[in-house]
Amino acid sequence: MSAKIIYPGTFDPITNGHVDIIKRALNLFDGVIVAVSAVTSAQKKGNNFDFTERFALVQNVLRQIPKIEVCQFSGLLVDLAREKNVFSVLRGLRAISDFEYELMLADMNRRLEPKIETIFLTPTEHYAYLTASMVREIASLGGDVSRFVPLEVCEALKEKNKH
Ligand code: ADP
């Protein structure tokens, strides 16, 4: 039996932290299904990417890595899990600040579908405080984010923030 895991997120945009987590998961699972959420929450800082841009960037950045499937979802994660017949869910834990929200999400997903198990991985320490919203904000103020995001994302951020 091949064991896959679903990695859901908004990826606005995909950062080196996300890629780090995906690579770690590939050491443990036969494949990672990266599920890009069509919906984002409204509070975001900096210039947001729309769904098409977020999805294309995830596909581009991950195209060289084998055993990755990129898909979209706009409903409940548990419905995607049932559709794919994959009940392991991957989430990244950075600092303590992620903990409560992630615990709540994992608990809710398990209530909705008891077969779901959420697996948390931690990134390498230089990405432990890296967030997509901080990257967007720095880029929108003209800062260099090349250490935090893959090249394709860096280019897309430059393009988006050109005035
Ligand atoms: P969401 O909007 O659902 O939180 P994100 O795309 O922001 O989605 O993040 C998806 C997952 O990746 C979350 O579990 C988040 O904690 C994790 N993540 C984001 N950035 C990092 C990082 N730098 N290191 C490790 N995990 C991360």
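Shown above is the structure to which this text applies.
The paragraphs below set out a description of the structure included in this document.

Definitions and limits used
Residues numbered from 1 in each chain as written. Predicted model: local features only at pLDDT ≥ 70, side-chain atom pairs only at ≥ 80, totals over all residues. Heavy atoms only, no water. Helix = DSSP H or I, 4+ residues; strand = E, 2+ residues; numbered from the N terminus. Rg over C-alpha atoms; globule rule 2.2 N^0.38 Å. Buried < 20%, exposed > 50% of the residue type's maximum accessible area, 1.4 Å probe, protein only. Contact = heavy atoms within 4.5 Å. Lys, Arg positive; Asp, Glu negative; His and termini not counted. Charge placed at Lys NZ, Arg CZ, Asp CG, Glu CD. Phe/Tyr/Trp six-rings, centres within 6.5 Å; stacked < 30°, edge-to-face > 60°.

A tally of helices and strands in the protein yields six helices and five strands. Here the C-alpha atoms of the protein give a radius of gyration of 15 Å, agreeing with the 15 Å that 2.2 N^0.38 yields for 163 residues. Overall, the protein is about 50 × 35 × 30 Å in size when its C-alpha atoms are taken along their principal axes. For the protein, the residues scored as buried account for 45% of the 163 residues in total. Long-range contacts, defined here as pairs at least 24 residues apart, represent 76% of the contacts in the protein between residues at least 6 apart. Across the protein, the 20 positively charged side chains and the 20 negatively charged ones have centroids separated by 1 Å.

The subject of this paragraph is the packing of aromatic side chains. Going through the model one piece at a time under the given rule, you end up with two aromatic pairs. On the numbers, 5.3 Å between centres and 80° between planes, the contact of Y7 with F11 is edge-to-face. Pair check on accessibility: Y7 and F11 agree, each one buried. A centroid spacing of 5.6 Å and a plane angle of 40° characterise the contact between F51 and F55, whose relative ring orientation is tilted. Linking F51 with F55, this pair stays in helix α2 (residues 51-62), spanning four residues, or about one helical turn.

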